[in-house]
Structure formats: C-alpha cells, structure tokens
Amino acid sequence: STGVVKVKPARILFWFYSRFHRFRQWRTRHVSKAGVMVLTAFFVSLLFAGNISKSLIYQAAVIFLLILTTGAVGSLIPFRPLIRIKRDLPEYGSAQSQLVYEIEIENESDRIEKGLVLFEEILDPRPSFETFAAAKEPYEQRRNAWDRKTLYYRWLWLIQKKAKTSFRPVPLPDLIPGKKVKIKNSSLMQYRGYLGFHGVSIGRPDTLGLFYRVKFVERPDKVLILPKIDPVEPLDLKSSRHYHPGGINLASSIGNSDEFMALRDYRPGDPMRNIHWKSAAKTSQLVIREFEDEHFVRNALILDTFADADNEDAFESAVRLAASYVCQLQGPEAILDLLFAGRQVFSFTTGRGTGQVGKMLEVLACVETSRHKSIRELIPVLHRNMEQVSGGICIFLDWDEDRKDIYEMFCHADAGIQVFIVSDDPGAMKKKVADGIDNPERIQVVGV
C-alpha cells in the first residue's frame, strides 16, 4: 500500500463515505436512542415475518410500525423556540485533556420550554478528496487487505483528526421565559489545532420520545487546542553568552541592555524611542542615546516537519516533545528560536521581551507536516546565524546525511547540542545512528 490510491475507486469511496457521514449526523440529531431500538426491532421482526400463516411475528412488526408512525407524525409539528446561546470558552485547550466550558442559554419566548436536548455543531470535519486520496492512516500498512482497499479507517481517522472531539447530547433544564441558565459541557480533545463551532441544534422529543424536532441556532466560536505538554528532563546545553550586534533591539531590560554609554547625533534609521529629547531641545538637533550592545544566551529549537504518510504518529510525538521543551526552556535569561520548514522556512522567537511562550505553543498547535521540501532548507539559515547561537535542541524524525550535517554544524561551532530522534522502531534507529558519530550521548532515540 503506497498511501495514494487509484482515483476512480477513491472517488467512489469518498462520495459514499461523505454521504454516509451526513446521514449519520442527521440520524443522531433526529432519532433518539429509543427510536433506534424500535426501528431495529421493527426491521428484525419484518425479516422473520415472511410467512404470516406459520408465524405471528408479523403482528409485532405491525405494532412497531404503528409506534414509529405515531412518533414520526408527532415530530412533524413545527418547533420554533426563541433561544439565545452564548459559550464561555477558555483561551486554550490541551490535547488529551478535557475541554470544560459553560453554555449560557436564554429563553426569549413567552412559554416554558421543557425536555429539550442540546447538540453541539462543529464545523464540517469531512476532508477534501485530495486529502483523502493522499493521506495515510498511521500503521495503515498493518491492516488487512480489505481495510486497505475500502479505506474506511483512513476516513474515520481524518474525520477525528479534523473534528478534534465528539460531543454528547446535553439534556437541558426547564427554560423559564426571560431567564438565563448556565450549563457545563466538556469533551476529551484528541488532537491539537483549532476547534471550530458552527452553532447548536436544539431538539425536542415527540410524545413517545422516539424522534426529535430540531431547531438550529447559529453561534460560531473557536478555541485553540495546544499540544499535550509532557514532563521532560531538564537539559544542560552548556550554553554561553554570545555577542549580538544591536542586541538592545532584541532584549528587554535584563542584564546590561539598558546600560547608557553616550550621546551622538541622529542618523537616518535610528529608532525614535532612543531620541534624547532634552538635549534635542537645547541644541535644536536630534540627539540619540547609545546603549551597550547585549551579550546573551540564544538557543535554537529545530523541529523536523519532513514526515512521510507513514510517519504521522512520530510527527505528533515530535510536536509534543517540542512543546514540552518550549515550556521547560522558558525563562527571562535566554532567547529561544523555534525553526522549522514548510513551503518556506519559519522562525519564531520567544524570551527577553521578544514574545510569549504561549504564542510559540500556538504555532506548534497548528504546524503540519511538509512534503514539498527537505530538511536541507534549514541548513543555510542555520549557517548564517550559527555565530549567535549558543545551543540547540534538534527533534528529528529520521537520520540521514542532511540531519547529520545539522548536528555536526552545532558541534563544529562548539555550541551545546541535544538531538532527539522520534521513531516507531527505536532499536533499528539506534543502529542507524551509531555508525560514524562522535559524542553519541548527545543523540537520544525516543519511541512514539
């Protein structure tokens, strides 16, 4: 199995799964669990009621049909509640953790609403056909031939990855006219990224409790689900301070960044905040305050995003490891650069007033694998800035000559370095790394 299937069978499967998903969503909103049980009983009794002269099971089928008809007719009664919805979402959620939030519900009609059920409606989680055809479920090659041909588990995985979670129906208390009610809702977040809400569906069961009359209330919202943060061992990169020309523009008021040196005439391009206005008022010319340039620690965190379709689980583990070290390395005394490549090379900085750790975690929450370039795209960027780098953490998904070159670049620059290689086969990866490497203690293989 190559992960890229023939177009025609894939399109047929995609069409079928897409319609089936829509039908299942409709069924869960309009048919209660009791209704599913009665429908199942009806079809089973109908199956065994072929010969009415020898069996009385057909009578049970007739009874179930009458019950279903009564419920279905009751569900056709118009349902137009005047309800306002507001979610109180946290700023962030976390993968593999419960997202807990409140929903404020206000009944704006003049009648009491009883027995209602709330269904959360998220943005359509169905993938595009291109994604469905090209993606590959983790360990898909281990499934049997039928599963690899039908691609149903791939479809489920893509739905779960995009949806992030699934919400259960929430029974609502009696809604008094003009009163606000707050209820709590929660769900386990399975994947990182943005969770988008489209609105809610309010359901009212019929008299028999078999079918729901449903009213959709639009209420868009979204919340960012951050990668899971794992406890990690502190690293001693033995990083030393390096000289940064113009470091005052990158550092906050820590160390010697605010050490005043002298006054000089203004030159085009000087920052306006450094103008000494008192001297300018006396001399009628702009005068600039000069500061001592900064020496500080600057570490690089390199995330390998070049994963093939078989390596999705390893990439998610790499992102979790990167997020864990972003939190562990935060502090006022150093700058941390996150470096990775997609369609282009991206660099994000935190520390010493340049940014917040939360912003870097937001970046990691949305980072995706890249198949357009190779990790070699990072080498020129690192080479230009290696003189300013004090140490680095490299989180790789494989080991080859390009990744070895990045490792040796840090070693030749005498910068502290720690390499993590995330692999679903740690034993084989350790053998692959062992040949021709100095300081093997700086390289650690991590299982998925």
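Keep in mind it's a predicted model, so treat the numbers as computed, not measured.

Definitions and cut-offs
Residues numbered from 1 in each chain as written. Predicted model: local features only at pLDDT ≥ 70, side-chain atom pairs only at ≥ 80, totals over all residues. Heavy atoms only, no water. Phe/Tyr/Trp six-rings, centres within 6.5 Å; stacked < 30°, edge-to-face > 60°. Buried < 20%, exposed > 50% of the residue type's maximum accessible area, 1.4 Å probe, protein only. Lys NZ or Arg CZ within 6 Å of the ring centre and 35° of its normal. Helix = DSSP H or I, 4+ residues; strand = E, 2+ residues; numbered from the N terminus. Polar contact = N/O pair within 3.5 Å; in protein donor to acceptor, adjacent residues only side chain to side chain. Contact = heavy atoms within 4.5 Å. Patch = residues over 30% accessible without salt bridge, like charges linked within 9 Å, V, L, I, M, F, W, Y side chains within 5 Å. Areas by Shrake-Rupley, 256 points an atom, 1.4 Å probe, with all protein chains shown as cover. Salt bridge = Lys/Arg side-chain N within 4 Å of Asp/Glu carboxyl O. Axes fitted to C-alpha atoms, helices over the stretch in contact; angles between N-to-C directions. Parallel < 35°, antiparallel > 145°, perpendicular 65-115°, else oblique. Left-handed = near helix turned anticlockwise from the far one by under 90°. Nonpolar A, V, L, I, M, F, W, Y, C, P; charged D, E, K, R; others polar. pLDDT = per-residue confidence, 0-100. Pairing = 2+ DSSP bridges. Core = buried A, V, L, I, M, F, W, Y, C linked by side-chain atoms within 4.5 Å. Expected span 1.5 Å × (residues − 1). Arc of directions from axis to C-beta.

Participant: With reference to specific residues and values, describe the packing of aromatic side chains.
Facilitator: In this structure the tally under the stated criterion is 19 aromatic pairs. Ring geometry for Trp399 versus Tyr407: centroids 6.2 Å apart, planes at 65°, classification edge-to-face. For Trp399, a relative accessible area of 6% puts it in the buried group. Seen from the ring of Tyr153, Arg143 lies directly overhead, with NZ or CZ sitting 3.9 Å from the centre. It is Lys222 that lies over the ring of Tyr194; its NZ or CZ is 4.8 Å from the centre.

Participant: So what about the side chain of Gln418? Which residues, and what values?
Facilitator: Looking at the element boundaries, Gln418 is found in strand S16 (residues 416–423). Gln418 gets classed as buried once you look at its relative accessible area, which sits at 12%. Within the structure, Gln418 has its side chain in polar contact with the backbone oxygen of Arg442 (distance 3.0 Å). Residues within four places of Gln418 in sequence aside, it is in contact with Leu235, Leu237, Gly392, Ile393, Cys394, Glu441, Arg442, Ile443 and Gln444.

Participant: Provide a residue-level description of a nonpolar patch on the surface, including the pertinent values.
Facilitator: Together, Trp15, Phe16, Phe20, Phe23 and Trp26 give the surface a local cluster of nonpolar side chains, amounting to about 580 Å² of exposed area. Tracing the backbone shows Phe16 in helix H1 (residues 7–30).

Participant: Residues and numbers for the pattern of salt bridges, please.
Facilitator: This structure, assessed with the given rule, holds 20 salt bridges. As a salt-bridge pair, Glu137 and Arg143 come within 2.8 Å of each other at their nearest N and O atoms. Overall, Arg143 belongs to the partly exposed group, its relative accessible area being 26%. Shared partners join several salt bridges into a network, and the residues in it are Arg84, Glu104, Glu106 and Glu108.

Participant: Provide a residue-level description of the packing of helix H10 (residues 378–385) against helix H11 (residues 401–412), including the pertinent values.
Facilitator: Interhelical geometry of H10 versus H11 gives an angle of 5° and a closest axis separation of 11 Å. With respect to H11, the element H10 is oriented roughly parallel. Here H10 contributes Ile379, Leu382 and His383 to the contact with H11, which in turn contributes Asp402, Asp405, Ile406, Met409 and Phe410.

Participant: Break down the packing of helix H2 (residues 33–47) against helix H3 (residues 57–74) for me, with residues and values.
Facilitator: Interaxial distance between H2 and H3 falls to 8 Å at its minimum, and their mutual angle equals 150°. Taken together, the axes of H2 and H3 lie roughly antiparallel to each other. Handedness of the crossing formed by H2 with H3: left-handed. Between H2, through Gly35, Val38, Leu39, Ala41, Phe42, Ser45 and Leu46, and H3, the contact on the second element is made entirely by Ile57, Ala60, Ala61, Phe64, Leu65, Ile67 and Leu68. Its residues placed into classes, the contact of H2 with H3 shows 12 nonpolar, two polar and no charged.

Participant: Explain the confidence of the model for the protein residue by residue, including any values.
Facilitator: Within the protein, residue pLDDT values average 83, and 86% of them lie at 70 or more. Contacts of residues 241–260 to residues separated by more than four positions or lying in other chains number 63 contacts, the stretch itself having pLDDT below 50.

Participant: Which residues make up the pairing of strand S6 (residues 180–188), and what values do they have?
Facilitator: Burial along S6 is one-sided: Val181, Ile183, Asn185 and Ser187 are buried, while Lys180, Lys182, Lys184, Ser186 and Leu188, pointing the other way, are not. Sheet analysis places strand S3 (residues 98–107) next to S6, joined by nine bridges and oriented antiparallel. In the strand pairing of S6, Tyr101 is matched with Asn185.

Participant: Break down the nonpolar core for me, with residues and values.
Facilitator: Core analysis: the biggest nonpolar cluster contains 30 residues, and Leu301, Leu303, Val326, Leu338, Leu364 and Ile395 have the highest contact counts within it. The biggest single contributor to this core is helix H8 (residues 312–328), with nine residues. Contact partners of Leu301, with chain neighbours within four places excluded, come to Ala322, Val326, Leu336, Asp337, Leu338, Leu339, Ile393 and Ile395. Counting residues in each nonpolar core, the second largest holds 28 residues, with Leu339, Ile375, Phe396 and Met409 among its members.

Participant: Provide a residue-level description of H2, including the pertinent values.
Facilitator: Look at H2: 21 Å from first C-alpha to last across 15 residues, which is about the 21 Å you get at 1.5 Å a residue. Regarding H2, the residues found buried are Gly35, Val38, Phe42 and Ser45. Seen from one end, H2 has its buried residues packed into an arc of 100°, which puts them on one side. Facing away from the buried side of H2 by more than 90 degrees, the exposed set consists of Lys33, Met37, Phe43 and Leu47.

Participant: Tell me about the sheet that holds strand S7 (residues 193–205), and name the residues and values.
Facilitator: The sheet built from five strands is open, its strands ordered S2-S8-S7-S4-S5 with mixed pairing. Each end of this open sheet is capped by a strand with a single partner; those strands are strand S2 (92–94) and strand S5 (170–171). Pairing of S7 with strand S8 (residues 212–226) involves 12 bridges; the strand directions are antiparallel. Looking across to S8, one finds that Gly193 is bridged to Ile225. Lying on the sheet, helix H9 (residues 357–366) is in contact with S2, S7 and S8; it crosses S8 at an angle near 120°.

Participant: With reference to specific residues and values, describe H3.
Facilitator: With 18 residues, H3 ought to run about 26 Å at 1.5 Å a step, and its terminal C-alpha atoms sit 26 Å apart, in line with that. Looking at H3, one finds that the buried residues are Ala61, Leu68, Gly71 and Gly74. Seen from one end, H3 has its buried residues packed into an arc of 155°, which puts them on one side. With respect to the buried face of H3, the exposed residues turned more than 90 degrees away are Leu66, Thr70 and Val73. The elements touched by buried residues of H3 are H2 and S8.

Participant: Account for the sheet that holds S3, with residues named and values stated.
Facilitator: Ordered by their spatial adjacency, three strands build an open sheet running S1-S3-S6, and the pairing between neighbours is antiparallel. In this open sheet, the two strands that pair with only one neighbour each are strand S1 (83–88) and S6. Between one strand axis and the next, the sheet turns by 25° as a mean value, whatever way the strands run. Bridging between S1 and S3 involves six bridges; their strand directions are antiparallel. Its bridge partner being in S3, Lys86 is matched across the sheet by Glu104.

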